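So the chains spell out like this:
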Amino acid sequence: MLSESALEELMQSASPIWLIRASTKASNSPAYTLMVQSFGYEDEYSEIRAIKIALCQKDVICKHEDGTVYFKNRTIVDKPEFVYLYNTFQVVVNKRQKRIKFGPSGNILISSEELRGLGIGSYCMSKLVGFLQLKYPDYHILSGSLSHVDARTLAEQARRDNFYKNRGFEVLVNDKGIGKFSASSPMKLSTKFNSEKIFEMNQLHLLNKINELNDEKDSQAKIIVLQREELDREKVNYQKLTNINKYYQRAFKILCQLKIQSQPQSII
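Residues numbered from 1 in each chain as written. Predicted model: local features only at pLDDT ≥ 70, side-chain atom pairs only at ≥ 80, totals over all residues. Heavy atoms only, no water.

**What to know about the overall build of the protein**
This is how the line gets drawn: Every helix listed is a DSSP run of H or I at least four residues long, and every strand listed is a run of E at least two residues long, numbered separately from the N terminus. Buried means the residue's accessible area, taken with a 1.4 Å probe over protein chains only, is under 20% of the maximum for its type, while exposed means over 50%, and partly exposed covers the values in between. Any pair of residues with heavy atoms lying within 4.5 Å of one another is described as a contacting pair. In this description, accessible areas are obtained by the Shrake-Rupley approach with a 1.4 Å probe, and a residue is regarded as covered only by the protein chains that are shown.
Across its full length, the protein holds four helices and eleven strands. Split into buried and exposed, the 268 residues of the protein put 32% on the buried side. The long-range share in the protein, meaning contacts at least 24 apart out of those at least 6 apart in sequence, stands at 62%. Counting every atom, the protein has about 17700 Å² of accessible surface; 55% of that belongs to carbon and sulfur.

In structure tokens form, the structure reads like this:
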């Protein structure tokens, strides 16, 4: 168990934030922009490495008739932040015993239900495995627990088990969905992730995104100006129609009066 000072140092010893976009790329499906950051703590006896994510923006993917993609219903999180033990993937390294432990189990999952199935977990695990292969390639990986909480249905159990199997872990479970995942060393694990679902946003992409947002802002501003001009024209036309209506009302009243005056008076 880490002390409070060690936990504080873990949160402070963080790498620069980078962004990813996660989606299935299917029409009318959500696309998420997420902040990703690697946190670390190390002393002479152990090292902890954690990958955390935080939601920044949610869009809905749509397609024009020509097949080009655009986004609508953009929802932006005002203050995205990393939350301790939430949407986290963590590994603990014991240097004395040359052992590696993924987890605890609460620290190797996507906590947000809506973010599951988008390849985000595989992406975060790939970063941890890559770190271990570079720094601790010959260390032994301790088995981790698989809980029935993550396997309430057969579909959930299959998704959970395949997640570990696709990373290179051996998975053993009983008929209640409880079991373990294990691997002999980091070199037996895979650093691959689904690049069809996950897109790492580099600086050039971010600049293009900023330009895209600025263009969208200018376009919206132009639309607002055109709408205001159209509204002003409608107001002028309405005023003209109102004046014409008043004119005809006065004219009709005058004609009625003239008609009354022109009628012959009855003689009693």
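So that's the structure; there's more coming.
**Thoughts on a nonpolar patch on the surface**
How we decide: Like-charged residues are merged into a patch within 9 Å and nonpolar side chains (Val, Leu, Ile, Met, Phe, Trp, Tyr) within 5 Å, provided each residue has over 30% relative accessible area and no salt bridge. Only one rule defines a salt bridge in this text: a Lys or Arg side-chain nitrogen within 4 Å of an Asp or Glu carboxyl oxygen.
A surface patch of nonpolar side chains, amounting to about 470 Å² of accessible area, comprises L241, I244, Y247 and Y248. Following the sequence through the fold, Y247 ends up in helix α4 (residues 203-262).

**Side note on the pattern of salt bridges**
The final tally for this structure, using the stated rule, is twelve salt bridges. Among the ionic pairs, R49 bridges to E47, the shortest N-O distance being 3.3 Å. When sorted by exposure, R49 lands in the same class as E47, which is buried. E114 is the partner of K58 in a salt bridge, and the nearest nitrogen-oxygen pair spans 3.4 Å.

The values reported here are purely geometric and, on their own, carry no functional implication.
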